[in-house]
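Chain by chain, the residues run as shown.
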Amino acid sequence: MAKITTIFSLKNLFVLSVALNVSLILKVFYQSEKQVPVGVSTEEQKASLTADSGYQKEADVNQKTIQSLSTSSSSATISLAEIEDGGERIINLDHGDPTMYEKYWKQMGERTTIVIPGWQSMSYFSDVKNLCWFLEPEFGKQVVRLHKVVGNAETDGRHIVVGTGSSQLYLAALFALSPANASQPMSVVSAAPYYSSYPSMTDCLKSGLYKWAGDARSFNQDSPYIELVTSPNNPDGFVRHSMVNKTGGTLIHDLAYYWPQYTPISSPADNDLTLFTVSKTTGHAGTRIGWALVKDPQVARKMTKFIELNTIGVSKDSQLRAAKVLKVVADSCEKTRTSSSSEYNESFFQFSYRVMDQRWQQLREVVNSSSVFSLPDFPPDFCHYHGQVLEPRPAFAWLKCERELQDCESFLRGHKLLTRGGRHFGVEPKHVRISMLDRDDNFRLFLKRLSMVQP
Ligand SMILES: Cc1ncc(COP(=O)(O)O)c(C=O)c1O
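Quick caveat: nothing in here was measured; it's all calculated off a predicted structure.

Calculation criteria
Residues numbered from 1 in each chain as written. Predicted model: local features only at pLDDT ≥ 70, side-chain atom pairs only at ≥ 80, totals over all residues. Helix = DSSP H or I, 4+ residues; strand = E, 2+ residues; numbered from the N terminus. Buried ≥ 20, exposed ≤ 12 C-beta atoms within 10 Å, placed from the backbone. Contact = placed C-beta atoms within 7 Å. Axes fitted to C-alpha atoms, helices over the stretch in contact; angles between N-to-C directions. Parallel < 35°, antiparallel > 145°, perpendicular 65-115°, else oblique. Left-handed = near helix turned anticlockwise from the far one by under 90°. Nonpolar A, V, L, I, M, F, W, Y, C, P; charged D, E, K, R; others polar. Near = placed C-beta within 6 Å. Expected span 1.5 Å × (residues − 1). Arc of directions from axis to C-beta. Pairing = 2+ DSSP bridges. pLDDT = per-residue confidence, 0-100. Core = buried A, V, L, I, M, F, W, Y, C linked by C-beta atoms within 7 Å. Domains from an automatic or database assignment. Right-handed = clockwise from strand over helix to strand, strands pointing away.

J.: Explain the overall build of the protein chain here, please?
T.: Tallying secondary structure elements over the protein chain gives 14 helices and 15 strands in all. Looking at the protein chain as a whole, 40% of its 455 residues are labelled buried. Contacts in the protein chain between residues far apart in sequence, at least 24 positions, make up 71% of those at least 6 positions apart.

J.: How should I be thinking about the packing of helix α12 (residues 348-368) against helix α14 (residues 440-452) in this particular structure?
T.: What describes two packed helices is the angle between their axes and the distance between those same axes. Where α12 meets α14, the axes come as close as 9 Å, and the angle between the chain directions of the two elements is 15°. Comparing the axis directions of α12 and α14 gives the class roughly parallel. Relative to α14, the crossing made by α12 is right-handed. Between α12, through R359, Q362, L363 and V366, and α14, the contact on the second element is made entirely by F443, L447, L450 and S451. The residue makeup of the contact of α12 with α14, split by class, is five nonpolar, two polar and one charged.

J.: Would you take a moment to explain the site of the ligand for this structure?
T.: Around the ligand lies a shell of 14 residues, among which G165, S166, S167, T277 and S279 are the nearest. When residues in the shell around the ligand are grouped by element, the largest group, three residues, is from helix α7 (residues 165-177). Here the shell around the ligand is composed, by residue class, of three nonpolar, nine polar and two charged.

J.: Sorry, what's going on with helix α10 (residues 297-311) here?
T.: For the α-helix, the turn length of 3.6 residues means that residues three or four positions removed from each other point alike. Helix length check: α10, at 15 residues, gives a terminal C-alpha distance of 21 Å against a target of 21 Å (1.5 Å per residue), a fit within 8%. All of the buried residues along α10 are V299, A300, M303, T304, F306 and I307. Taken end-on, α10 shows its buried residues confined to a sector of 155°, consistent with a single buried face. Opposite the buried face of α10, at more than 90 degrees from it, the exposed residues are P297, Q298 and L309. Structurally, α10 contributes buried residues whose contacts are with β2 (159-164), α7, β7 (273-277) and β8 (289-294). Directly after α10, the chain includes I312, whose backbone phi takes a positive value near 45°.

J.: Is there a simple way to think about the sheet that holds β8 in this case?
T.: The strands making up a sheet associate through backbone hydrogen bonding, with each pair oriented either parallel or antiparallel. Spatially, the seven strands line up as an open sheet ordered β2-β8-β7-β6-β5-β3-β4, and their pairing is mixed. Two strands close off the open sheet at either side, each with one partner strand: β2 and β4 (210-215). Neighbour-to-neighbour, the strand axes of the sheet open up by a mean angle of 25°, direction not taken into account. Bridge analysis of strand β3 (residues 186-190) against strand β5 (residues 225-230) gives four bridges, and the strand direction is parallel. Residue S190 lies in a different strand from β5, and its bridge partner there is L228.

J.: Can you help me understand the packing of α7 against α10 in this one?
T.: Axis separation between α7 and α10 bottoms out at 8 Å; the angle between their running directions is 120°. Classed by the angle they form, the pair α7 and α10 counts as oblique. As α7 packs across α10, the resulting crossing turns out to be right-handed. Across the interface between the two elements, Q168, L169, L171, A172, A173, F175, A176 and L177 from α7 touch V299, K302, M303, F306, I307 and N310 from α10. Classifying every residue of the contact of α7 with α10 by side-chain character gives eleven nonpolar, two polar and one charged.

J.: Help me understand the environment of P376 in this model?
T.: Its place among the elements puts P376 in the loop between β9 (373-374) and β10 (381-383). Taking the C-alpha atoms as reference points, P376 and W398, 22 residues apart in sequence, are found 7.0 Å from one another. Leave out the neighbours within four places in its chain, and P376 touches D236, G237 and W398.

J.: Could you clarify how one ought to interpret the confidence of the model for the protein chain in this entry?
T.: A low pLDDT means the predicted coordinates there should not be read in detail. Of all residues in the protein chain, 80% attain a pLDDT of 70 or more, and the chain-wide mean is 86. Between residues 18-83, whose pLDDT stays under 50, and residues either more than four places distant or in other chains, the model counts 58 contacts.

J.: Please explain the nonpolar core as it appears in this structure.
T.: Soluble globular proteins: nonpolar side chains tend toward being buried together. V161, V162, A172, A173, A292 and M303 are the most contacted members of the largest nonpolar core, which has 99 residues in total. With eight residues, the top contributor of residues to this core is α7. Both domains that meet at this core, namely domain 2 (40-103 + 348-452) and domain 3 (124-333), each give it at least three residues. Excluding its chain neighbours within four sequence positions, the residues that come into contact with M303 are V161, L169, A172, A173, A176, A292 and V294.

J.: Can you walk me through the sheet that holds strand β14 (residues 420-421) in this structure?
T.: Taken in spatial order, the four strands line up as β9-β12-β15-β14 in an open sheet, and their pairing is antiparallel. Of all the strands in the sheet, just β9 and β14 have a single pairing partner and so form its edges. Bridge analysis of β9 against strand β12 (residues 396-401) gives two bridges, and the strand direction is antiparallel. Each residue of the ladder has a partner; that of S374, found in β12, is K400.

J.: Explain α14 to me, please; I cannot follow it from the model alone.
T.: Taking 1.5 Å per residue, 13 residues should reach 18 Å; α14 reaches 19 Å between its end C-alpha atoms and fits that length. Contacts from the buried residues of α14 go to β1 (91-92), α12 and β13 (417-418).

J.: Hey, could you run me through the environment of S178 in this one?
T.: You can see S178 is positioned in the loop between α7 and β3. Residue class for S178 comes out buried when judged on the 21 C-beta atoms lying within 10 Å of it. C-alpha of S178 to C-alpha of V188: the two residues are ten residues apart in sequence and 9.9 Å apart in space.

J.: For this particular structure, what's the right way to read the pairing of β3?
T.: Along β3, five of the five residues are buried, which leaves the element largely enclosed by surrounding structure. Here β3 pairs with β4 via four bridges, running parallel. Looking across to β4, one finds that V188 is bridged to W212. Remark: the β3/helix α8 (residues 197-203)/β4 crossover connection has right-handed handedness.

This is the structure in structure tokens:
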């Protein structure tokens, strides 16, 4: 220290300290203004906001919200305890971007790396003998294997149709299940609260084949209909069954979240048409791969035709990547079950259930510490995958603003918390949907911010 003071006078040290503090303050200010990691452009932010909503309009609204929040100060009081982020950072848990899983895949290192030489995957065709001629055999194989390992869906006697996300397969299913020559478009319903993208996806092209007809609970027409059964449900996390129960109905089961990190696996799903997606299974939303398990070959053929007309198949590169990821997941499950000195410390689903469990416990603690909010309770059930009775740990928290607070989304926006309000899901705005799948640091900050919120 004596040496240092001979080189730097006290005056020098003081100037240096002021400079360091100013640069730190500028850095915090810059980050809170930008709200994105260095190197991410505004266009990339915009694209990230479309995830889960699927619609640019909604993304534009969010983008404007972010801009206005970044430039005007909120009326809400932010506590000094939030010094870590200055209380200024906008926490966006509006969309269901599954970035939580990056941590596991980083730990897996090179296990999921694939190399595709320039000459490979060039043809349009993957397997001309298969009804779904663009299905990569390795992807189909790993889908069947993973369902068997997890026990969440029957695959025997099913055709696998691969799609660019399960979003494309949803549209393919509507096309396949609606008669081509009916006098009226087929009604499409789902019990509210329903996944916010269903209405806009159904009606975006104003098809003459089908049209959105709203809440399945209030559907009282005698004409044929398609009912979407999402289980566990997005946004509220509850296990669901068909609600309409009339003749002339066809069901599409959207089981995006029927995996052991979100809900106990009670039995293998045995439906006519079931949709799954890697987006929510492993977190690889950007790979854009989903699959349908379809009993009726005519329906599978029509779905395949729809995808052929849309995109002439599905990216082989993405299918190969998804196959590799599913393979590592299935390996991790099998090897942690059979060997004590496994190369895997824990299976993918052990890791992801552990994280979800911890997050839900933390969230409940914060919510229960005041009377501002409430959360739904879920009955525990035996999970055949984990081999024990467990509580569901949904991918979204369906948070209710209590007392006189009517518009929960606006209320939380005042605290710089972006969530998706009940109206998007066909119900009143006292509820909001909050993603539980964001990165650790964002989730931590969200809990901290929520714990400061006063009515
Ligand atoms: C219930 C449900 N179905 C389908 C999707 C869309 O999945 P994908 O990314 O495969 O298009 C989502 C995405 O959030 C979802 O929540």
